[in-house]
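# Inside the fold
Here is how the chains run, residue by residue.
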Amino acid sequence: MPPDLLNTVAKNKKKDISDVRFGQAVARMRRKSGMTQLKVAGKLGYSKGFISQVECGWKHLDASRVKELDEFLGAGKRLVRLYEELYAPERLDWQEQVHVLQAGADLIRQYSCVLIPGNFQTKDYARAVFAAGAPWLKGPMIEEKASTRFERAARVLDEDGPQYHVVLDDVVVHRPVAGNAVMRDQIDALIRLATTGRVQMQLYRWGTLPHSGPDGPFSLIASPSAPEVLHTESVYLGQTTDEPHMVRSFVSLFSRLQANARSVRDSVDYLRQVKRKYEDGEPAVAQVNLQ
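Residues numbered from 1 in each chain as written. Predicted model: local features only at pLDDT ≥ 70, side-chain atom pairs only at ≥ 80, totals over all residues. Heavy atoms only, no water.

## Comments concerning the overall build of the protein chain
Secondary structure assignment for the protein chain yields 13 helices and 6 strands. Put simply, the protein chain has 291 residues, and 46% of those count as buried. Within the protein chain, contacts between residues separated by at least 24 positions form 71% of all contacts whose residues are at least 6 apart in sequence. Working note: accessible area of the protein chain is about 15400 Å², and carbon and sulfur atoms make up 53% of it. (Helix = DSSP H or I, 4+ residues; strand = E, 2+ residues; numbered from the N terminus. Buried < 20%, exposed > 50% of the residue type's maximum accessible area, 1.4 Å probe, protein only. Contact = heavy atoms within 4.5 Å. Areas by Shrake-Rupley, 256 points an atom, 1.4 Å probe, with all protein chains shown as cover.)

What follows is the structure, encoded as structure tokens:
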């Protein structure tokens, strides 16, 4: 093919967004490790030009070489996790991946506007969440998932675990996923976490405008040996990135949420008010008084 035609084809070719994201991550990890494209190419048996094209999102790295590249750059399996997330999300246990990140962190900042975060859920609350969100699951599977979540949380919330700052939307503690007894015990668990100092917990008041966090839950996970990671989640999938611009944007967003939320002390007082409503046996829906 003539050179001019090759250039035309290259210009008209569209980059795949997954290739772009993975290539950017490779470039960041390579620069952080102090490696050159030539050294990476030599290690993997490719040309320098090919590695350059991978980093620019024009070429796709074969799955069989990702683990080797990750180890060579000292990426701590971040490239492996990102590759699975981008190219094989159906095989990725994203909750386990997040737990691994959290367990190795020294600071977790988390916002939730939907449910009590998994690390703070009681077993009964977790059972109710799994039963409602995945009605096709049988009883034993629900029990297994609830137990796994509870055990993972215990490791993250261990006294030697990371600092934990969390902002919860008021709606989260008013949304009844089960009966009053389950909700009462769940709120009590939140109060214990907040009053022991293990977690800095703030409630974001209903009606606060502008609302800085309506787009969904997210976590910022910082560890001493790797870049800070942003994790956003939906019901079935989660996505992680350590792209600096995205991380900085959500750090700023979390700061806004913290600044506009109730203080830790006022948040505990508010949780006690909510707990009393569940204790009084008020109908779950009628109890909501967010003002």
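The discussion continues.
## Here's the deal with the confidence of the model for the protein chain
On average, residues of the protein chain score 83 in pLDDT, and 85% of them reach the 70 mark or higher. Of all the helices and strands in the protein chain, helix 1 (residues 3–12) carries the lowest mean pLDDT, 45, while strand 3 (residues 200–204) carries the highest, 96. When the criterion is pLDDT under 50, residues 5–12 qualifies, and its contacts beyond four places in sequence or with other chains add up to 3 contacts. Low pLDDT, under 50, characterises residues 284–288; the stretch is placed with 8 contacts to residues that sit more than four places away or in other chains. (pLDDT = per-residue confidence, 0-100.)

## Some thoughts on helix 12 (residues 244–260)
Taking 1.5 Å of rise per residue, 17 residues should cover 24 Å, and helix 12 covers 25 Å from first to last C-alpha, within 8% of that figure. Residues of helix 12 that are buried: Val247, Phe250, Phe254, Leu257 and Gln258. Across the axial projection of helix 12, the buried residues extend over an arc of 95°, all falling on one side. In helix 12, those exposed residues whose orientation departs by more than 90 degrees from the buried face are Arg248, Arg256 and Ala259. The backbone nitrogen of His245 lies 3.1 Å from a side-chain oxygen of the residue at the head of helix 12, namely Glu243. (Expected span 1.5 Å × (residues − 1). Arc of directions from axis to C-beta. Polar contact = N/O pair within 3.5 Å; in protein donor to acceptor, adjacent residues only side chain to side chain.)

## So, the nonpolar core
Residues Phe120, Val173, Ile187, Leu190, Val199, Met201 and Leu271 are the most contacted members of the largest nonpolar core, which totals 31 residues. Elements that contribute at least two residues to this core include exactly helix 8 (123–133), strand 2 (163–169), helix 10 (170–174), helix 11 (180–195), strand 3 and helix 13 (264–279). The element that contributes the greatest number of residues to this core is helix 11, accounting for 7 residues. One finds Phe22, Met29, Val40 and Leu86 within the second-largest nonpolar core, a separate group that totals 19 residues. (Core = buried A, V, L, I, M, F, W, Y, C linked by side-chain atoms within 4.5 Å.)

## Observations concerning the packing of aromatic side chains
Inspection of the entire model under this criterion finds 6 aromatic pairs. Their ring planes at 80° and their centres at 5.2 Å tell us that Phe22 and Tyr83 sit as a pair that is edge-to-face. With Phe22 in helix 2 (residues 17–33) and Tyr83 in helix 6 (residues 78–87), this pair connects stretches of sequence that are 61 residues apart. Looking at Tyr83, the relative accessible area reads 9%, which means it is buried. Ring geometry for Phe218 versus Phe254: centroids 6.4 Å apart, planes at 80°, classification edge-to-face. Remark: Phe254 occurs in helix 12 and Phe218 occurs in strand 4 (residues 218–223); sequence separation between them is 36 residues. (Phe/Tyr/Trp six-rings, centres within 6.5 Å; stacked < 30°, edge-to-face > 60°.)

## Comments concerning the pairing of strand 1 (residues 107–112)
For strand 1, the buried fraction is high: 6 of the 6 residues fall into the buried class. Bridging between strand 1 and strand 2 involves 6 bridges; their strand directions are parallel. What sits directly across from Tyr111, in strand 2, is Val167. Direction of pairing for strand 1 relative to strand 4: antiparallel, over a ladder of 5 bridges. (Pairing = 2+ DSSP bridges.)

## A few points about the packing of helix 8 against helix 9 (residues 139–156)
Where helix 8 meets helix 9, the axes come as close as 9 Å, and the angle between the chain directions of the two elements is 130°. As far as their axial angle goes, helix 9 and helix 8 are oblique. The handedness of the crossing between helix 8 and helix 9 comes out as right-handed. Of the residues in helix 9, those touching helix 8 at Lys123, Ala126, Arg127, Phe130 and Ala131 are Ile142, Glu143, Lys145, Ala146, Ser147, Arg149 and Phe150. Tallied by class, residues from the contact of helix 8 with helix 9 come to 6 nonpolar, 1 polar and 5 charged. (Axes fitted to C-alpha atoms, helices over the stretch in contact; angles between N-to-C directions. Parallel < 35°, antiparallel > 145°, perpendicular 65-115°, else oblique. Left-handed = near helix turned anticlockwise from the far one by under 90°. Nonpolar A, V, L, I, M, F, W, Y, C, P; charged D, E, K, R; others polar.)

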